[in-house]
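Summary of the model geometry
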Amino acid sequence: MPDSNAQYRGRFAPSPTGPLHLGSLIAAVASYLDARSCGGTWLVRMDDLDPPREEPGAAQCILLSLQGHGLHWDESVMWQSERAPAYTAALEELATRDHLFCCDCTRAMLGPGGSCRGRCRPRQSAVNSPCSTRVSVPDNCQIHFTDQLQGPQHISLGEQFPDFVVKRKDRLDAYQLAVVVDDAEQAITHVVRGSDLLDSTPRQIFLQQLLGYRSPKYCHLPVITNSQGQKLSKQHHAPALDDKLAPANLRGALKFLQQTAPPLPLTTVQQILSFAIGHWSPRRIPATLAIPESSLVS
Ligand code: GLU
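Residues numbered from 1 in each chain as written. Predicted model: local features only at pLDDT ≥ 70, side-chain atom pairs only at ≥ 80, totals over all residues. Heavy atoms only, no water.

Quick look at the site of the ligand
The test is simple: Residues are labelled near a given molecule or strand when at least one of their non-hydrogen atoms is within 4 Å of it. Whenever a nitrogen or oxygen atom comes within 3.5 Å of another N or O atom, the pair is scored as a polar contact, on the condition that within protein one atom can donate a hydrogen and the other can accept it, and that pairs from neighbouring residues in sequence are kept only if both atoms are in side chains. All accessibility values rest on the Shrake-Rupley procedure with a 1.4 Å probe; residue burial counts only the protein chains present in the view.
All residues in the neighbourhood of the ligand are listed as R11, A13, P14, S15, D47, Y175, V179, R193 and L197. Contact distances for the ligand include 2.7 Å between a nitrogen atom and a backbone N or O atom of A13. Within the side chain of R193, an N or O atom sits 2.8 Å from an oxygen atom of the ligand. Notes on the ligand: free accessible area 300 Å², of which the protein chains cover 80%.

Quick look at the structure:
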């Protein structure tokens, strides 16, 4: 695990559900600049944990786009699809310490947000399959952390995310567990990602505490939203970036992040990124959860 003086290690962890779009480029650029401006290491991890949601070829397409935008990573890409033994080991560790239970509750039996009301708990030796595996969250569990952009966060985890799923009913490893195991394995010290994941962070900190991992620092960026207030995403038909327009795309991402615009004579991705590293100022990023796409038109 990293110690507090450890060198900065950041990462970008795309899900291969479609090609890179402006929203994902913004997260990639911000995490890259934050790492590079500290002389840190920047890693790419492919969150290919959920085959049903994947688009064939998307992972390679994302990696090519990152390179086309000059966002070259250190070390080798980590693939979550190859990490099942590590997730199983973490689950075994949690199970040994009695933090897990199996849940075969039907959707109708679950509470708001899919929370388990605990009806399955008294009959652990007789739960039906398929079942999910949940981690027990004490009712009074409070998680506090300071997001580097969004400020202090106080979450009553036991009320908001009681007994959340760490292994899904379809026996796929859940994102919340996988990300915690992988951030620890990669000794990540700083996580810079979209605000749509802000409510995942307390669950991740809780798992880090149970597993004895150090928590990284978190910075949740505003996400771009469309006219219906939905996050720009593949699901909501965000257009794929054209790698041939990489310099302009980078300028768009920097503008969104309210960074100093690179002077126009800088035309290559390398020139634009090296200017952006030298002028990186996270304090200029708006401390808000969402920015409508319509407000970006110059
Ligand atoms: N794979 C997640 C996504 O694309 C990001 C995970 C993370 O940064 O922790 O939304």
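A look at the side chain of R45
Spelled out, the test is: Here a helix means four or more residues in a row that DSSP labels H or I, a strand means two or more in a row labelled E, and each is numbered from the N terminus. It only takes one pair of heavy atoms within 4.5 Å for two residues to be counted as in contact.
Position of R45 among the secondary structure elements: in strand 2 (residues 41–46). Among the polar contacts listed, one links the side chain of R45 to the side chain of D183, at a separation of 3.0 Å. Sequence-distant contacts of R45, defined by excluding residues within four places in its chain, comprise R11, F12, A13, P14, M78, Q80, V179, D182, D183 and Q186.

Structural notes on empty space enclosed by the protein
The condition is simple: Grid spacing is 1 Å over the protein atoms alone, the probe is 1.4 Å, and a cavity is where that probe fits but cannot get out, while a pocket is an open set with protein on both sides within 12 Å along at least five of seven lines and lining residues have an atom within 4 Å of a point. Grid points are joined across faces, edges and corners, and a volume is the space filled by probe spheres set on the points. Think of it as three bins: nonpolar holds Ala, Val, Leu, Ile, Met, Phe, Trp, Tyr, Cys and Pro, charged holds Asp, Glu, Lys and Arg, and polar takes everything else, Gly as well.
In the structure shown here, the tally under the stated rule is one cavity of 30 Å³ or more. Each pocket or cavity is described by its volume, and for the largest cavity that value is around 50 Å³. Along the walls of the largest cavity sit 10 residues, with D183, A184, I188, R214 and P216 positioned nearest its centre. The element that contributes the greatest number of residues to the lining of the largest cavity is helix 5 (residues 175–185), accounting for three residues. When grouped by side-chain class, the residues that make up the lining of the largest cavity number seven nonpolar, one polar and two charged.

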